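For reference, the chains in residue letters:
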Amino acid sequence: MVVPLRRWRLAEIGLRGVVVMVAQIHKIITDNCTNMASTTNAEQLVMAIPAWAASQSTADSPVLVADLWTNSDAHEAMDFVHPIDAGAERMGMKWYKAL
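Here the structure is a predicted model, which means the values were calculated and not measured. (Residues numbered from 1 in each chain as written. Predicted model: local features only at pLDDT ≥ 70, side-chain atom pairs only at ≥ 80, totals over all residues. Heavy atoms only, no water.)

Peer 1: What's the story with the overall build of the protein chain in this structure? I'm lost.
Peer 2: Per the secondary structure count, the protein chain includes three helices and two strands. Reading the protein chain from its N end, one meets helices and strands in the order β-α-α-β-α. In the protein chain, which comprises 99 residues, the share counted as buried stands at 27%. If you take every contact in the protein chain between residues at least 6 apart in sequence, the share linking residues at least 24 apart comes to 67%. Accessible area of the protein chain: about 6600 Å², with a carbon and sulfur share of 60%. (Helix = DSSP H or I, 4+ residues; strand = E, 2+ residues; numbered from the N terminus. Buried < 20%, exposed > 50% of the residue type's maximum accessible area, 1.4 Å probe, protein only. Contact = heavy atoms within 4.5 Å. Areas by Shrake-Rupley, 256 points an atom, 1.4 Å probe, with all protein chains shown as cover.)

Peer 1: Any chance you could explain a nonpolar patch on the surface here in plain terms?
Peer 2: A contiguous nonpolar surface patch, about 420 Å² in accessible area, is contributed by Met93, Tyr96 and Leu99. Accessibility expressed as a relative area gives 71% for leucine 99, which makes it exposed. (Patch = residues over 30% accessible without salt bridge, like charges linked within 9 Å, V, L, I, M, F, W, Y side chains within 5 Å. Salt bridge = Lys/Arg side-chain N within 4 Å of Asp/Glu carboxyl O.)

Peer 1: Would you mind going over helix α2 (residues 36–56) with me for this structure?
Peer 2: Two residues of an α-helix separated by three or four positions point the same way, owing to the 3.6 residues in each turn. End to end, α2 covers 31 Å across 21 residues, agreeing with the expected 30 Å (1.5 Å per residue, within 8%). Its maximal kink placed at isoleucine 49, α2 deviates by approximately 35 degrees, while the proline proline 50 follows within four residues. Listed as buried for α2 are Ser38, Thr39, Ala42, Val46, Ile49, Ala53 and Gln56. (Expected span 1.5 Å × (residues − 1). Bend = angle between axes of the 7 residues up to and from the residue.)

Peer 1: In this structure, what is going on with unusual backbone geometry? I would like to understand it.
Peer 2: Leaving glycine aside, a negative phi is the common case for residues, and trans is the common case for peptide bonds. Located in the positive-phi region is asparagine 71, a residue other than glycine, with phi close to 65 degrees. You can see asparagine 71 is positioned in the loop between β2 (63–67) and α3 (85–98).

Peer 1: Would you mind showing me how to read the environment of alanine 98 here?
Peer 2: Tracing the backbone shows alanine 98 in helix α3. It is 9.7 Å that separates the C-alpha atoms of alanine 98 and valine 22, two residues lying 76 residues apart in sequence. Among all residues touching alanine 98, those that are not within four sequence positions of it are Met21, Leu64, Val65 and Ala66.

Peer 1: Explanation requested: the side chain of histidine 26 in the structure shown.
Peer 2: Examined against the element boundaries, histidine 26 turns out to sit in the loop between β1 (20–24) and α1 (30–33). With relative accessibility at 12%, the residue histidine 26 sits in the buried group. Leaving out residues up to four positions away in the same chain, histidine 26 has contacts with Leu68, Trp69, Ser72, Val81, Pro83 and Met91.

Peer 1: Can you help me understand the confidence of the model for the protein chain in this one?
Peer 2: Caution applies to low-pLDDT regions: their predicted coordinates should not be interpreted in detail. On average, the protein chain scores 80 in pLDDT, and the residues at 70 or more come to 80%. Predicted confidence in the protein chain is weakest over α1, with a mean pLDDT of 64, and strongest over β2, with 92. (pLDDT = per-residue confidence, 0-100.)

Structure (structure tokens):
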């Protein structure tokens, strides 16, 4: 089932008692570190996620947020997008903490 992300509630699509986790992505710089606007765009998205999650969350079906953005460094990725092992480990710990 495809549901527009901007206006969905789990109960409306027949799911109750489901916990949803979303992430604020880690810092990125696309286009081989030449497009700093991508970091700005990503940051705007990241900052909007907590309010969006709160607006979708219910007592029966909470929407939790994993903050991968805070203290991340795009330079920990060889392509400035996909993290190396240290970045992946930090991301895993942040997912775990959010749980």
